[in-house]
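Listed here are the chains, written in short residue letters.
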There are 4 protein chains.
Amino acid sequence: MSDFVPNWQIPVYIATQAADYLTALISDGAFSPGARLPSERQLADELGVSIGTVRRATQILRERGLVKTLPSRGTYVNEHVRIGGGRDE
Amino acid sequence: MSDFVPNWQIPVYIATQAADYLTALISDGAFSPGARLPSERQLADELGVSIGTVRRATQILRERGLVKTLPSRGTYVNEHVRIGGGRDE
Amino acid sequence: MSDFVPNWQIPVYIATQAADYLTALISDGAFSPGARLPSERQLADELGVSIGTVRRATQILRERGLVKTLPSRGTYVNEHVRIGGGRDE
Amino acid sequence: MSDFVPNWQIPVYIATQAADYLTALISDGAFSPGARLPSERQLADELGVSIGTVRRATQILRERGLVKTLPSRGTYVNEHVRIGGGRDE
DNA sequence: GTGGTCTAGACCACT
DNA sequence: GTGGTCTAGACCACG
């Protein structure tokens, strides 16, 4: 988690870079299916970005079908994710 | 009771949605005047929301003059309620 | 936990019997020092007594120096309990 | 700020005790008119209470006319407060 | 065995 | 990086 370094020099949103970083972690099994991601505040702290950026990143993960967010509960890794392919459920 | 489905997508508080749902039940006669509502814990279970949300919903019903809450006894439907109109007592 | 059977025939408060039962569990190591006891509601369910009785029983445990209650957090087994002897901290 | 110690033994809500404590600070000039109070999260940390309790305490301060809360901005001490007397604006 | 208060901490909307 | 709402569940006071 601590080796995420946003690159401000390239024209790619930090949120997208963060989403890609988290996608890689999920793909690598750092977050198992069914596991809960750290809270938005904790992710913001650990990635060194603002909480708004984290929210945009998790929104991207939802659109990629990688996670599901339960209000006031947390964001959870979906069970049948295919990183380069289809959609969960 | 079991067909209440809170809608998290719209900017209306869940507590307000629950209060409206209970108001409709009272209006329809599902709870007669003088009847006791289910306990807050049971309402929370049946509506699928937290007990804090139920407490805010019953607070709204009190402000609408639909019910009266007796601590340690329960929450009771008022006698002379008029849903779209006046106030009890 | 499930083998507690209050004896209504003898002139000993059920709460005291429950306190003695819990004291034995702590003494036997069923609840380790620092561990949290089950919630009052759960204890009431498991022991088959009312929640008020459980509250009186835990009050007795506090007076015996066996546990410490943190409001809204739970009741915890003290660290240096001596069942037949002194007081914790 | 750090000498606030909630008293759980007396039947006065912790939120009310916290509100009284903050009222005294405002009265003593520790927070000047127009000043921003610490964030609710920081207050919760410093007072040793939960954020929900802090929110109820600031609600009380609003009802007392001592502060004004701007969502997403903070809570500010009103200009013309008279602790034992009138109301701001 | 109810309603009441409090804790801890989540996500959300907005600046 | 704030205030706002919600969750889940604890103990408390009372009947």
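Residues numbered from 1 in each chain as written. Chains lettered and ligands numbered in written order. Predicted model: local features only at pLDDT ≥ 70, side-chain atom pairs only at ≥ 80, totals over all residues. Heavy atoms only, no water.

**Regarding the protein's contact with DNA strand E**
1) Next: Surveying the vicinity of DNA strand E reveals 34 residues, the closest of which are Arg55(A), Arg55(B), Ile14(D), Thr53(D) and Arg56(D).
2) Next: The sugar-phosphate share of atoms of DNA strand E within 4 Å of the protein amounts to 74%.
3) Next: Separating a base oxygen of DNA strand E from a side-chain N or O atom of Ser72(C) is a distance of 3.4 Å.
4) Next: With respect to DNA strand E, the backbone of Ile14(D) contributes an N or O atom lying 2.4 Å from a phosphate oxygen.
5) Next: Put simply, the parts of the chain that give the surface near DNA strand E at least two residues each are α2 (40-47) and β2 (74-77) of chain A, α2 (40-47), β1 (67-70) and β2 (74-77) of chain B together with α1 (14-27) and α3 (51-63) of chain D.
6) Next: No other element matches the 3 residues that α3(D) contributes to the surface near DNA strand E.
7) Next: Along the lines of polarity and charge, the residues of the surface near DNA strand E split into 9 nonpolar, 14 polar and 11 charged. (Near = heavy atom within 4 Å. Polar contact = N/O pair within 3.5 Å; in protein donor to acceptor, adjacent residues only side chain to side chain. Helix = DSSP H or I, 4+ residues; strand = E, 2+ residues; numbered from the N terminus. Nonpolar A, V, L, I, M, F, W, Y, C, P; charged D, E, K, R; others polar.)

**With respect to α1(D)**
All names here are of chain D.
1) Next: Counted at 1.5 Å a residue, the expected span for α1 with its 14 residues is 20 Å, and the 20 Å between its end C-alpha atoms agrees.
2) Next: Most of α1 is tucked away, with 10 of its 14 residues classed as buried.
3) Next: If you check which residues of α1 are buried, you get Ile14, Ala15, Gln17, Ala18, Ala19, Tyr21, Leu22, Thr23, Leu25 and Ile26.
4) Next: On its buried face, α1 sits against α2 (40-47), α3, β1 (67-70) and β2 (74-77).
5) Next: Just downstream of α1, Gly29 is the residue with a positive phi angle, here 85°. (Expected span 1.5 Å × (residues − 1). Buried < 20%, exposed > 50% of the residue type's maximum accessible area, 1.4 Å probe, protein only. Contact = heavy atoms within 4.5 Å.)

**Brief notes about the pairing of strand β1 (residues 67-70) of chain C**
All names here are of chain C.
1) Next: Bridging between β1 and strand β2 (residues 74-77) involves 4 bridges; their strand directions are antiparallel. Paired with Thr69 across the strands is Thr75, a residue of β2.
2) Next: Taking the residues between adjacent antiparallel strands as the criterion, β1 and β2 are bridged by 3 residues, where Ser72 takes a positive phi near 65°. (Pairing = 2+ DSSP bridges.)

**Comments concerning the packing of α2(B) against helix α3 (residues 51-63) of chain B**
All names here are of chain B.
1) Next: Two elements in contact, α2 and α3, have axes separated by 9 Å at closest approach and are oriented at 110°. With respect to α3, the axis of α2 lies roughly perpendicular. Here Glu40, Arg41, Leu43 and Ala44 of α2 lie close against α3, whose contacting residues are Ile51, Val54, Arg55 and Thr58.
2) Next: Class assignment of the residues belonging to the contact of α2 with α3 gives a composition of 4 nonpolar, 1 polar and 3 charged. (Axes fitted to C-alpha atoms, helices over the stretch in contact; angles between N-to-C directions. Parallel < 35°, antiparallel > 145°, perpendicular 65-115°, else oblique.)

**Some points on the protein's contact with DNA strand F**
1) Next: What surrounds DNA strand F is a group of 35 residues, the closest being Tyr13(B), Ile14(B), Thr53(B), Arg55(C) and Arg55(D).
2) Next: In this structure, a base oxygen belonging to DNA strand F sits 3.4 Å away from a side-chain N or O atom of Ser72(A).
3) Next: At 2.9 Å from a phosphate oxygen of DNA strand F is found a main-chain nitrogen or oxygen belonging to Glu40(D).
4) Next: Sort the elements by how many residues they give to the surface near DNA strand F and α3(B) lands first, with 3 residues.
5) Next: Residues of the surface near DNA strand F, tallied by class, amount to 9 nonpolar, 14 polar and 12 charged.

**Let's talk about the environment of Asp28(A)**
1) Next: Its place among the elements puts Asp28(A) in the loop between α1 (14-27) and α2.
2) Next: Remark: the alpha-carbon pair of Asp28(A) and Arg73(A), spanning 45 residues in sequence, is separated by 24 Å.

**With respect to the packing of aromatic side chains**
All names here are of chain A.
1) Next: Applying the stated criterion across every chain yields a total of 4 aromatic pairs over all chains.
2) Next: Relative to Tyr21, the ring of Phe4 has its centre 5.0 Å away and its plane inclined at 50°; by these criteria the two rings are tilted. Here the residue Phe4 occupies a position in the segment before α1, and Tyr21 occupies one in helix α1, the gap between them amounting to 17 residues.
3) Next: For Phe4, a relative accessible area of 9% translates into the label buried. (Phe/Tyr/Trp six-rings, centres within 6.5 Å; stacked < 30°, edge-to-face > 60°.)

**Digging into unusual backbone geometry**
1) Next: Residues other than glycine seldom take positive phi values, yet Ser72(A) does so here, at roughly 65°.
2) Next: Structurally, Ser72(A) is set in the loop between β1 (67-70) and β2.

**What to know about the environment of Ser32(B)**
1) Next: By the element assignment, Ser32(B) lies in the loop between α1 (14-28) and α2.
2) Next: Separated by 46 residues in sequence, Ser32(B) and Asn78(B) have C-alpha atoms that sit 8.7 Å apart.

**Quick word on the environment of Thr23(D)**
Residue and element names in this part refer to chain D.
1) Next: With respect to the element layout, Thr23 can be found in helix α1.
2) Next: The exposure class assigned to Thr23 is buried, which follows from its relative accessible area of 11%.
3) Next: In sequence terms Thr23 and Ala57 are 34 residues apart; their C-alpha atoms lie 10.0 Å from each other.

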